[in-house]
Number of protein chains: 2
Amino acid sequence: LNTKCLIIAAGRGRRLSERGDSKPLIPLLGLPLIQRVILAAESAGLSEFIVVTGYNHKPLEAFLNQLASSGARRITCVYNDEWDKENGISVLKARPLLHGNFILLMADHIFDPSILLHLLEEKVGDDEVILAVDRNVSGNQLVDPNDVTKVLVDDGRIVGIGKTIEDFNAYDTGIFRCSQAIFEGIEQSIREGDSTLSGAVRVLAERGKARAFNIENALWIDIDDDAALRRGEKQLLSTLYKNSDGPVARFLNRPVSTALTRQLVRTPLTPNIISFISFVIAIVAAVFFFLPGYTNLLIGGLLAQLASIVDGCDGEIARLKLQITEFGGWFDAVLDRYADALLLLGMTYHSYYSRPESWVWAVGFLAIIGAFMNSYTADKYDGLMRRRLGPGASYFRLGRDVRIFIILLGAVANLPLVALIIIAVVMNFENVRRVRLLYNYEGN
Amino acid sequence: LNTKCLIIAAGRGRRLSERGDSKPLIPLLGLPLIQRVILAAESAGLSEFIVVTGYNHKPLEAFLNQLASSGARRITCVYNDEWDKENGISVLKARPLLHGNFILLMADHIFDPSILLHLLEEKVGDDEVILAVDRNVSGNQLVDPNDVTKVLVDDGRIVGIGKTIEDFNAYDTGIFRCSQAIFEGIEQSIREGDSTLSGAVRVLAERGKARAFNIENALWIDIDDDAALRRGEKQLLSTLYKNSDGPVARFLNRPVSTALTRQLVRTPLTPNIISFISFVIAIVAAVFFFLPGYTNLLIGGLLAQLASIVDGCDGEIARLKLQITEFGGWFDAVLDRYADALLLLGMTYHSYYSRPESWVWAVGFLAIIGAFMNSYTADKYDGLMRRRLGPGASYFRLGRDVRIFIILLGAVANLPLVALIIIAVVMNFENVRRVRLLYNYEGN
């Protein structure tokens, strides 16, 4: 996309000053607010950014220059020496760099990239501005009702806007799709004594040229003070639970892994490194399984469960830091399969101590086949379930979380062979069930 | 797509009458010509067909009614009682059913669906016709130079067309994108004494309104006589070799499987049933491995190789009969993984007869891990190679074909344990190589 993206990052943000002297650089779950906004815009397809800086601009500009050099993005900084005035002034300062239509964002408003993706599909007229609004005015607990800008929408048009209007049915999310008309709107609003962006929208609204874009139920948060920052962190962490999580993942692994992730996002550890750490923990667990005796078996079982928990963190960090890559998902899956195989090999070896008969190995073989094929069929099964039940539904899922938990239980109970038998039987039955199910729905 | 597709199937096709009394119903590799044309058009996105019938139209119409009821397609038949006249008349008979632009195909011209896919991207003016042409006039061995319609193209415009013109640089492929202007062109051509479709193109060409669309090197064949039918079959079979085929697949499995496929396409066996038959052969092979003695080992090895060969036929039949489904590919892959696992389990069990030591089982375990992960990483590896080397290139590929062949060699040489060790070492090394390669290209 060659649509440019203007980001306003000039204000002081006094209410967050305890967290740092440059508001756009204050981290939320390990990522500075401005980087979060830029990465979200990037994942919606934008690559050219103009950032208006102001208060304490030097460290922000240094950070943005570094960010620009580490990716395919272009970032141009514009310094607004009147940063202590209203935000309409900041937009005007960038005017010489903006031709045609552009996206306008606030450095302190984080949002779900899908909002921008859909907003970019809207057509904006040469004399128009489109403001993304949240119509959920009664249920939204993430908004500070005293501080948010309210909007009155009538049949898709904005007919009123301001922090103090009495009659409203939407909130201003700070996400705009602008034509050049916005500049003229600001100038007229200034002449009328109001240099806010809301003033410009009001000017355009009076001409019927300010449209509202409904974000439906997508997430956005204005990070204005410490309470909002904590609400934002909590909200983002809560989005990490997945519908494809099995029962053990949901009730044991996910609560622990999200707590771990909350700490790990503050470190420079990348998702791929976390995947590798989880793999190493699984190898160590397998080594303990190879050693004789209950204590080693128990340690191995606990480490296997730990590996399974840590294995949730890579994807969580990738999602929180907007670092999802196709390779990352694949790399994690490949390491998981090797980890599964080594754990089951270790368990089989341990079982063979107490029952040195060759059929024990055959059971191990069947367990490993079942485990592999369970992962092999998972994507297709999840896809079918999503199509049948809708994207939000939970469904029966017997997967890796359950498998590793059975290994843990087998180790704790000192019954490794029983655990292997259960895995071999349950996993292979589940695979046959999935193939039959998919055959009935998709084959012929 | 709501573009309609007109197919001319009225002529007698006397030169193919030994094969059947309805030319459109003569099978080419198990599929009647008309069905091949309809399925190819469907895979390019068309779903509404109008077929002009003529000579011996009853059986053809019965077949088309049945075909329509077995899919989401709509087929309307129009009977041309003047079927013994030139083909322009047939087009005119369908006029009342065609409004706006449409695609025009010949029932006896088979073609690569990609031609239609690209032709549908072209815009056709209200007074225009676009004819897909083959510019490869010197190298095309599939064309009968005495019978093909020649075209002279100048700067994308058709300036001459006919079977006997001396000066030409393209062949008429019988694939058209028409506006309503074609009907008026036919009428004028008839007034000038020529009721062929070529006549209509010439009329439009004189006004500068007949455009040529270059099919590049895509495949098309006019099935006019027995020789053309045999050429067509040979040509389609030759497209079954894949760039992702490993060395054993290329030089052993594929020659045998295509010969088998050539027979199997004439049967009602579906690709999914062939996948299942290959799976059953592999299970029988594994059972022989479980039995003691060299003879059983040898039989098992030969059956395993047979299963690997038959496993090529499912995809080949699906491609030849235009029956490729996402489910079919997945179902085949799942059965292959179970087959691999059972074969390696059998081989391990057999090895344990001669060396009843537990490390033999560990070798089998590592072989099975290597085999599974080899398949798990194959798609991603193939994708990377295609992107790096282009779609036509061959590259180093150590996959299932090689693995099964090592099993065969191990069985023939009565060295099952050695085969297992080689599979365990080679496959796992190959997997590590692939992960490292992909990490270097895609991770960070």
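Above this text is the structure in question.
What you are looking at is a predicted structure, and each value in this text was computed from that prediction instead of being measured.

### Considering the overall build of chain A
Line of reasoning, step 1. Along the backbone of chain A there are 15 helices and 13 strands.
Line of reasoning, step 2. If one aligns the C-alpha atoms of chain A with their principal axes, the spans along those axes are about 90 × 50 × 35 Å.
Line of reasoning, step 3. The 444 residues of chain A split such that 56% are buried.
Line of reasoning, step 4. Long-range contacts, defined here as pairs at least 24 residues apart, represent 77% of the contacts in chain A between residues at least 6 apart.
Line of reasoning, step 5. Carbon and sulfur atoms form 56% of the exposed surface of chain A, whose accessible area is close to 18,800 Å².

### What to know about the packing of aromatic side chains
Line of reasoning, step 1. Per the stated rule, a full pass over the model turns up 32 aromatic pairs over all chains.
Line of reasoning, step 2. Centroid distance Tyr349 of chain A to Tyr353 of chain A: 5.6 Å. Interplanar angle 85°. Geometry classified as edge-to-face. With Tyr349 of chain A and Tyr353 of chain A both in helix α11 (residues 326-354) and four residues apart, this pair spans about one turn of that helix.
Line of reasoning, step 3. For Tyr349 of chain A, a relative accessible area of 29% puts it in the partly exposed group.
Line of reasoning, step 4. A centroid spacing of 5.9 Å and a plane angle of 45° characterise the contact between Phe327 of chain B and Trp330 of chain B, whose relative ring orientation is tilted. Of this pair, Phe327 of chain B and Trp330 of chain B both sit in helix α11 (residues 326-354), three residues apart, which is roughly one turn of the helix.
Line of reasoning, step 5. Accessibility expressed as a relative area gives 11% for Trp330 of chain B, which makes it buried.
Line of reasoning, step 6. By the ring-pair criterion, three or more aromatic residues cluster together here, those being Phe290, Tyr349, Tyr352, Tyr353, Trp361 and Phe365 of chain A together with Phe290, Tyr349, Tyr352, Tyr353, Trp361 and Phe365 of chain B.

### Some details on the interface of chain A and chain B
Line of reasoning, step 1. At the junction of the two partners, chain A supplies 36 residues and chain B supplies 35 residues.
Line of reasoning, step 2. Sorting the residues of chain A by area buried against chain B places Trp330, Phe365 and Tyr376 of chain A first, and these three jointly supply 22% of that buried surface.
Line of reasoning, step 3. Connecting chain A to chain B are two salt bridges.
Line of reasoning, step 4. Put simply, Lys380 of chain A and Glu326 of chain B hold a salt bridge, and the shortest N to O gap is 2.9 Å.
Line of reasoning, step 5. Linking chain A with chain B are eight residue pairs in polar contact (both at pLDDT 80 or more).
Line of reasoning, step 6. The set of elements that each furnish at least two residues to the side of chain A that touches chain B consists of α11, α12 (358-376) and α15 (416-442) of chain A.
Line of reasoning, step 7. Its residues placed into classes, the side of chain A that touches chain B shows 22 nonpolar, 10 polar and four charged.

### A closer look at the relation of the copies chain A and chain B
Line of reasoning, step 1. Superposition record for chain A on chain B: RMSD 0.1 Å, screw rotation 180°, translation along axis 0.1 Å. Look at the turn and shift together and you get a two-fold axis relating the two.
Line of reasoning, step 2. The fraction of interface residues of chain A whose copies in chain B are also interface residues reaches 97%, indicating that both copies meet through the same surface.

### Notes on the environment of Ala132 of chain A
All names here are of chain A.
Line of reasoning, step 1. Looking at the element boundaries, Ala132 is found in strand β8 (residues 129-134).
Line of reasoning, step 2. Take Ala132: its relative accessible area is 0%, and that puts it in the buried class.
Line of reasoning, step 3. Sequence-wise, Ala132 and Thr173 are 41 residues apart; in three dimensions their C-alpha atoms are separated by 6.0 Å.
Line of reasoning, step 4. Not counting chain neighbours up to four residues away, the residues in contact with Ala132 comprise Ile115, Tyr171, Asp172, Thr173, Ile175, Phe213 and Ile215.

### Re the pairing of strand β1 (residues 4-9) of chain A
In the case of a regular strand, side chains alternate between the two sheet surfaces.
Residue and element names in this part refer to chain A.
Line of reasoning, step 1. Burial runs high along β1: five of the six residues are buried.
Line of reasoning, step 2. Bridge count for β1 against strand β6 (residues 102-106) is five bridges, and the pairing is parallel. By the bridge assignment for β6, Ile8 is matched with Met106.
Line of reasoning, step 3. Across six bridges, β1 lies against strand β4 (residues 48-53) in parallel orientation. The partner of Ala9 across the bridge, within β4, is Thr53.

### Focus: the environment of Asp225 of chain B
Line of reasoning, step 1. Along the chain, the position of Asp225 of chain B falls in the loop between β13 (220-222) and α7 (226-238).
Line of reasoning, step 2. In this structure the C-alpha to C-alpha distance between Asp225 of chain B and Val37 of chain B, which are 188 residues apart in sequence, comes to 17 Å.

### Regarding unusual backbone geometry
Line of reasoning, step 1. Even without being glycine, Asn56 of chain A reaches a positive phi, approximately 45°.
Line of reasoning, step 2. Within the fold, Asn56 of chain A resides in the loop between β4 and α2 (57-69).
Line of reasoning, step 3. Unusually for a residue other than glycine, Leu29 of chain B sits at a positive phi of about 50°.
Line of reasoning, step 4. Within the secondary structure, Leu29 of chain B sits in the loop between β2 (27-28) and β3 (31-32).

### So, the nonpolar core
Line of reasoning, step 1. Ile368 of chain A together with Ile368 of chain B are the most contacted members of the largest nonpolar core, which totals 152 residues.
Line of reasoning, step 2. Excluding its chain neighbours within four sequence positions, the residues that come into contact with Ile368 of chain B are Phe365, Ile368 and Ile369 of chain A together with Ala341 and Leu344 of chain B.
Line of reasoning, step 3. Counting residues in hydrophobic clusters, the runner-up holds 37 residues, among them Ile7, Ala44, Leu46 and Ala132 of chain B.

### Side note on the pairing of strand β4 (residues 48-53) of chain B
Residue and element names in this part refer to chain B.
Line of reasoning, step 1. In terms of residue burial, β4 counts as a mostly covered element, since five of its six residues are buried.
Line of reasoning, step 2. As judged from the six bridges shared by β4 and strand β5 (residues 74-79), these two strands associate in the parallel manner. Bridge pairing links Ile50 to Thr76 in β5.
Line of reasoning, step 3. Regarding topology, helix α2 (residues 57-69) serves as the crossover connection from β4 to the parallel β5, and that connection is right-handed.

### Details of the packing of helix α9 (residues 271-290) of chain A against α11 of chain A
Residue and element names in this part refer to chain A.
Line of reasoning, step 1. Contact geometry for α9 and α11: axes closest at 8 Å, N-to-C directions at 5°. Relative to α11, α9 is oriented roughly parallel.
Line of reasoning, step 2. Broken down by class, the residue content of the contact of α9 with α11 amounts to 19 nonpolar, five polar and one charged.

### Comments concerning a nonpolar patch on the surface
Residues and elements named next belong to chain A.
Line of reasoning, step 1. Residues Trp359, Ile421, Val425 and Phe429 make up a contiguous nonpolar surface patch of roughly 400 Å² in combined accessible area.
Line of reasoning, step 2. Of the residues forming the nonpolar patch, the biggest block, three residues, is contributed by α15.
Line of reasoning, step 3. With relative accessibility at 63%, the residue Phe429 sits in the exposed group.

### Concerning the pattern of salt bridges
Residues and elements named next belong to chain A.
Line of reasoning, step 1. Throughout the structure, instances matching the rule amount to 72 salt bridges over all chains.
Line of reasoning, step 2. With its nearest N and O atoms 2.6 Å apart, the salt bridge here joins Arg15 to Asp224. With Arg15 in the loop between β1 and β2 (27-28) and Asp224 in the loop between β13 (220-222) and α7 (226-238), this residue pair connects regions lying 209 residues apart in the sequence.
Line of reasoning, step 3. Residue Arg15 is classed as partly exposed on the basis of its relative accessible area, which comes to 47%.

### Section: helix α14 (residues 400-412) of chain A
For the α-helix, the turn length of 3.6 residues means that residues three or four positions removed from each other point alike.
Residue and element names in this part refer to chain A.
Line of reasoning, step 1. Helix length check: α14 (13 residues) gives 18 Å between terminal C-alpha atoms against 18 Å at 1.5 Å per residue, within 8%.
Line of reasoning, step 2. Counting buried residues along α14, 10 of its 13 residues qualify, which places the element largely inside the surrounding structure.
Line of reasoning, step 3. The elements touched by buried residues of α14 are α8 (247-264), α9, α10 (294-320), α11, α12 and α15.
Line of reasoning, step 4. Positive phi shows up at Asn414, right after α14, with a value of about 60°.

### Quick look at the packing of α11 of chain A against α12 of chain A
All names here are of chain A.
Line of reasoning, step 1. α12 packs onto α11 with a crossing angle of 160° between their chain directions and a minimal axis gap of 9 Å. As the angle between them shows, α11 and α12 are arranged roughly antiparallel. The chirality of how α11 crosses α12 is right-handed. Between α11, through Arg337, Asp340, Ala341, Leu344, Leu345, Thr348, Tyr349, Ser351 and Tyr352, and α12, the contact on the second element is made entirely by Ser358, Val360, Trp361, Gly364, Ala367, Ile368, Ala371, Phe372 and Ser375.
Line of reasoning, step 2. Of the residues in the contact of α11 with α12, the class split is 11 nonpolar, five polar and two charged.

### A few points about the environment of Arg397 of chain B
Residue and element names in this part refer to chain B.
Line of reasoning, step 1. Looking at the element boundaries, Arg397 is found in the loop between α13 (378-389) and α14 (400-412).
Line of reasoning, step 2. A relative accessible area of 14% places Arg397 in the buried class.
Line of reasoning, step 3. Note: C-alpha distance between Arg397 and Glu430 (33 residues apart in sequence) is 9.3 Å.
Line of reasoning, step 4. A polar contact is formed between the side chain of Arg397 and the backbone oxygen of Ser244, at a distance of 3.2 Å.

Cut-offs and rules
Residues numbered from 1 in each chain as written. Chains lettered and ligands numbered in written order. Predicted model: local features only at pLDDT ≥ 70, side-chain atom pairs only at ≥ 80, totals over all residues. Heavy atoms only, no water. Helix = DSSP H or I, 4+ residues; strand = E, 2+ residues; numbered from the N terminus. Buried < 20%, exposed > 50% of the residue type's maximum accessible area, 1.4 Å probe, protein only. Contact = heavy atoms within 4.5 Å. Areas by Shrake-Rupley, 256 points an atom, 1.4 Å probe, with all protein chains shown as cover. Phe/Tyr/Trp six-rings, centres within 6.5 Å; stacked < 30°, edge-to-face > 60°. Buried area = accessible area lost by both parts, 1.4 Å probe. Salt bridge = Lys/Arg side-chain N within 4 Å of Asp/Glu carboxyl O. Polar contact = N/O pair within 3.5 Å; in protein donor to acceptor, adjacent residues only side chain to side chain. Nonpolar A, V, L, I, M, F, W, Y, C, P; charged D, E, K, R; others polar. Least-squares fit on C-alpha atoms with pLDDT ≥ 70 in both. Pairing = 2+ DSSP bridges. Core = buried A, V, L, I, M, F, W, Y, C linked by side-chain atoms within 4.5 Å. Right-handed = clockwise from strand over helix to strand, strands pointing away. Axes fitted to C-alpha atoms, helices over the stretch in contact; angles between N-to-C directions. Parallel < 35°, antiparallel > 145°, perpendicular 65-115°, else oblique. Patch = residues over 30% accessible without salt bridge, like charges linked within 9 Å, V, L, I, M, F, W, Y side chains within 5 Å. Expected span 1.5 Å × (residues − 1). Left-handed = near helix turned anticlockwise from the far one by under 90°.

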